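Chains, contacts and geometry: an overview
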Amino acid sequence: MSGTQNLIGDRPPSVAALFVERVTATPDAEAYRFPVMSASGQAPDEWRSLSWSEAAAQVYAVAAGLIELGVRSEERVAIAATTRVEWILADLGVMCAGAATTTVYPATNHEEAGYILADSDSRVLIAEDAAQLAKARESRAELPNLAHVVVIESADAQPAEGDPEGWVLSLADLQTRGRALLAERPDAVTERIKAVRSDQLATLIYTSGTTGRPKGVRLLHDSWSYMAKAIMATGLIRNDDVQYLWLPLAHVFGKVLTSGHIEAGHVTAVDGRVDRIIENLPAVRPTYMAAVPRIFEKLYNGVAAKAHAGGRVKYRTFQWAAKVAREYAKVSQENFRRTDPATIPFPLRAQHKVADALVYSKLRKAFGGRLRTAVSGSAALAPDIGFFFSGAGVHILEGYGLTESSAASFVNPGEGHRTGTVGKPLPGTEVRIAADGEILLRSPGIMAGYHKLPKETAEVLEADGWFHTGDIGELSVDGFLRITDRKKDLIKTSGGKYVAPAKIEGSFKALCPFVSNVFVYGADRNFCTALIALDAPTILRWATENGMEGMTYQDVVASSATVALIEGYVNELNQKLQSWQTVKKFRLLPRDLDIKHGELTPSLKLKRPVVEREYKDLLEDMYAGSRLS
């Protein structure tokens with residue numbers, strides 16, 4: 001079965017050309033908004049703006065600077081920086097120079113960063129600061145083709161003993177060189193833009209490897225141009241939107257948002273500091289934002305934990321309001337699907353009105369009060385959390401895609417969204433379900449292949465363009481896709497039963513306000529177990545209220561009272577599961593899972609083999625003495 005095949009009509013060959021069109025159409029409109037920290041560091045950030053023409057001046061200076069450094073068409077320029085406006089301007093500069101961007105997560109250690117720079121044959125690295133520069137220096141012996149490192153923070157662009165002459169320069173220096181070139185050759189950049197073909201390499205994004213080395217995904221200029229047009233065609237974004245962009249731009253989910261922004265021409269507020277999201281939302285007051293499920297889980301658990309800390313009455317009020325929200329959302333979504341929609345029953349409407357005054361209105365205010373649409377992607381969102389937010393008036397639209405499909409392949413329609421599904425295919429995207437349930441995709445957004453890996457490319461990409469996603473799913477009769485699980489992540493117990501761990505993990509996150517991460521295990525075992533990491537601030541607040549004030553996180557999670565608390569939620573979870581899915585035993589982890597230890601990807605997804613390897617002893621302990629273990 002295939003989804004809509006309505007192809008996106010005329011589109012420019014590249015986002016560089018699309019950028020030129022946008023600047024020409026709305027030169028004086030606000031394009032970007034970004035924070036500048038106060039001198040004291042104590043006062044709230046000041047938000048400044050760039051118009052499209054001001055952004056273009058910086059982009060063209062970067063592009064001309066790269067040309068002056070000798071960067072040629074399709075040569076790679078790496079960017080290792082957090083999400084900030086300079087990342088976007090640098091990326092656009094690379095594309096306007098006809099080159100290709102290699103994205104590097106700033107948290108990547110120097111060994112893996114060195115591997116990515118070497119495997120991609122990157123000629124230039126645009127590094128955020130001294131820490132990113134140091135990684136390049138540590139790997140320089142293996143990087144003979146890395147001709148320059150451009151440092152965004154000018155004060156950190158300091159040459160060191162042993163650096164080749166001119167190897168290090170600041171972003172400001174690069175732009176100065178670019179402006180000098182443009183003074184001599186005003187058409188230097190526009191000529192490059194006109195020469196870019198749709199089938200040229202635009203971006204190399206290295207997937208987070210759970211085993212072995214990461215693979216470089218080759219995405220063409222046409223992929224991003226198609227994505228810009230397809231996202232706009234969904235109707236989810238408008239030219240009067242204010243987007244809050246905090247996602248890692250080294251990740252395909254963050255990167256694709258920059259293309260949609262250029263097509264729409266709306267305002268994008270850029271700040272990648274995850275610890276400032278709660279503070280930034282009321283300041284930015286976005287109408288549109290995208291996030292990974294972990295952010296919505298944290299927001300939900302934060303509200304639940306705050307209610308829990310307020311005493312029994314307040315917590316029961318929250319639980320009642322959450323139940324009302326879910327019921328209201330389910331009835332509303334069902335009504336939308338009916339040809340003869342019934343009204344929402346009066347008792348439910350009355351309860352919803354009261355709950356709105358007590359709970360939901362405060363939640364919407366925390367999002368800035370204007371949020372029209374929130375898109376969730378990169379991993380599955382627990383349906384209970386999705387229904388809660390929908391019923392509270394914050395509509396979270398799940399979408400689906402992969403690095404290999406330029407991020408966006410499916411997204412829920414705004415008004416007719418269905419919680420628990422990832423929506424319908426984007427215009428121009430085809431889908432079919434293989435005999436074993438695997439989702440296959442074909443669209444202009446599908447990668448050209450894995451960099452220097454023809455065998456691995458052939459394993460997932462058919463000659464006629466169909467891409468094997470590795471995900472299991474099912475399509476409704478009207479084209480909504482529901483993801484069951486990762487093909488490789490399905491658990492088969494020793495009793496022959498299949499279990500989808502992500503579904504169980506998501507259900508538990510919706511139940512327990514103290515959980516941060518959970519890992520369900522049971523492949524080839526006779527029952528399922530779980531490793532549970534708690535949210536430190538939330539569980540420590542609970543500990544203080546329950547006679548454990550001053551205890552460390554490790555001591556709190558080791559206490560019998562905490563184990564009993566979490567056991568109650570596990571028992572509640574098990575009541576909703578089939579017998580072979582139930583979690584028979586669990587262990588609380590002495591710390592949260594994180595990116596630093598390699599247990600989470602930069603988009604906060606579990607690296608299951610890493611978690612299993614890291615906590616092998618705890619897992620084995622839960623099966624000690626069990627038959628068929």
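Residues numbered from 1 in each chain as written. Predicted model: local features only at pLDDT ≥ 70, side-chain atom pairs only at ≥ 80, totals over all residues. Heavy atoms only, no water.

**Observations concerning the nonpolar core**
Put simply, the rule reads: In this text, buried Ala, Val, Leu, Ile, Met, Phe, Trp, Tyr and Cys residues form a nonpolar core when linked through side-chain atoms within 4.5 Å. In this scheme, a residue with accessible area under 20% of its type's maximum is buried, one over 50% is exposed, and one in between is partly exposed, where area comes from a 1.4 Å probe on protein chains only. Here a residue-residue contact requires only that any non-hydrogen atoms of the pair lie within 4.5 Å.
Membership of the largest hydrophobic core comes to 161 residues, with the highest contact counts inside it found for Y32, F389, F508, I532 and I566. Excluding residues that lie within four positions of it along the chain, F389 makes contacts with F296, L299, Y300, L363, F367, V394, H395 and I396. Counting 21 residues, the second-largest nonpolar core is a separate cluster that includes A136, L143, W167 and Y206.

**Some thoughts on the packing of helix α11 (residues 293-309) against helix α14 (residues 383-391)**
The condition is simple: Note on geometry: axes are C-alpha line fits, over the in-contact stretch for helices, and angles between N-to-C directions span 0 to 180 degrees. For helices the rule is a DSSP run of H or I covering at least 4 residues; for strands it is a run of E covering at least 2, with both sets numbered from the N terminus onward. Angular relationships are summarised with four words: roughly parallel below 35 degrees, roughly antiparallel beyond 145, roughly perpendicular across 65 to 115, and oblique for the angles in between. Put simply, a crossing is left-handed when the front helix is turned counterclockwise from the back one by less than a right angle, and right-handed when it is turned clockwise. Residues are grouped as follows: Ala, Val, Leu, Ile, Met, Phe, Trp, Tyr, Cys and Pro are nonpolar; Asp, Glu, Lys and Arg are charged; every other residue, Gly included, is polar.
Remark: α11 packs on α14, axes separated minimally by 11 Å, with the N-to-C direction vectors making an angle of 70 degrees. The orientation of α11 with respect to α14, classified from their angle, is roughly perpendicular. For the pair α11 and α14, the crossing hand works out as left-handed. Residue-level contacts link F296, E297, L299 and Y300 of α11 to I385, F388 and F389 of α14. Classifying every residue of the contact of α11 with α14 gives six nonpolar, no polar and one charged.

**A look at the side chain of T108**
Put simply, the rule is: For this analysis, a polar contact is any N or O atom pair within 3.5 Å, provided that within protein one partner can donate a hydrogen and the other can accept it, and provided that sequence-adjacent residues contribute only side-chain to side-chain pairs.
As for its placement among the helices and strands, T108 is situated in the loop between β4 (100-104) and α4 (110-119). Separated by 2.9 Å, the side chain of T108 and the backbone oxygen of Y105 make a polar contact. In contact with T108, other than residues within four places in its own chain, are A113 and K135.

**Re the confidence of the model for the chain**
We count it as follows: Confidence of the predictor at the level of single residues is given by pLDDT, which spans 0 to 100.
Considering every residue of the chain, the mean pLDDT works out to 90; 94% of them sit at 70 or more. This stretch, residues 1-6, has a pLDDT under 50; its non-local contacts, to residues over four places away or in other chains, come to 19 contacts.

**So, the sheet that holds strand β19 (residues 449-450)**
Applicable threshold: When DSSP locates at least two bridges between a pair of strands, those strands are taken to pair.
The strand order β7-β6-β5-β3-β4-β8-β9-β19 describes an open sheet built from eight strands, whose pairing is mixed. Every other strand in the sheet has two partners, leaving β7 (168-170) and β19 as the edge strands with one partner each. Examined bridge by bridge, strand β6 (residues 148-151) and β7 share three bridges and lie parallel to one another. The partner of V151 across the bridge, within β7, is S170. In the packing of α4 onto the sheet, the strands contacted are β3 (76-80), β4, β5 (122-127) and β8 (201-206), and the crossing angle to β4 comes to about 165 degrees.

**Some details on the state of the cysteines**
Note the following rule: In this description, a disulfide is simply a cysteine sulfur pair whose atoms lie within 2.5 Å.
For the structure on display, the rule yields zero disulfides. Here C512 is not disulfide-linked; the sulfur of C528 is the nearest cysteine sulfur, at 18 Å. Relative accessible area serves as the criterion here: at 0%, C512 is assigned to the buried category.

**Structural notes on the environment of D199**
The residue D199 is located in the loop between α7 (188-195) and β8 in this model. Judged by its relative accessible area of 48%, D199 is partly exposed. In the structure, D199 is positioned 22 residues away from H221 in sequence and 6.4 Å away in space, judged by C-alpha atoms. Polar contacts involving the side chain of D199 include one to the side chain of R197, which spans 2.9 Å.

**So, the pattern of salt bridges**
For clarity, the cut-off: Definition used for salt bridges: Asp or Glu carboxyl oxygen within 4 Å of a side-chain nitrogen of Lys or Arg.
Counted under the stated rule, the structure contains 33 salt bridges. With its nearest N and O atoms 2.9 Å apart, the salt bridge here joins R177 to E68. Here R177, found in helix α6 (residues 171-184), pairs with E68, found in helix α2 (residues 52-68); they are 109 residues apart in sequence, far enough to count as distant. With a shortest N-O distance of 2.8 Å, D271 and R273 are connected by a salt bridge. Under the relative-accessibility criterion, D271 is labelled buried at 4%.

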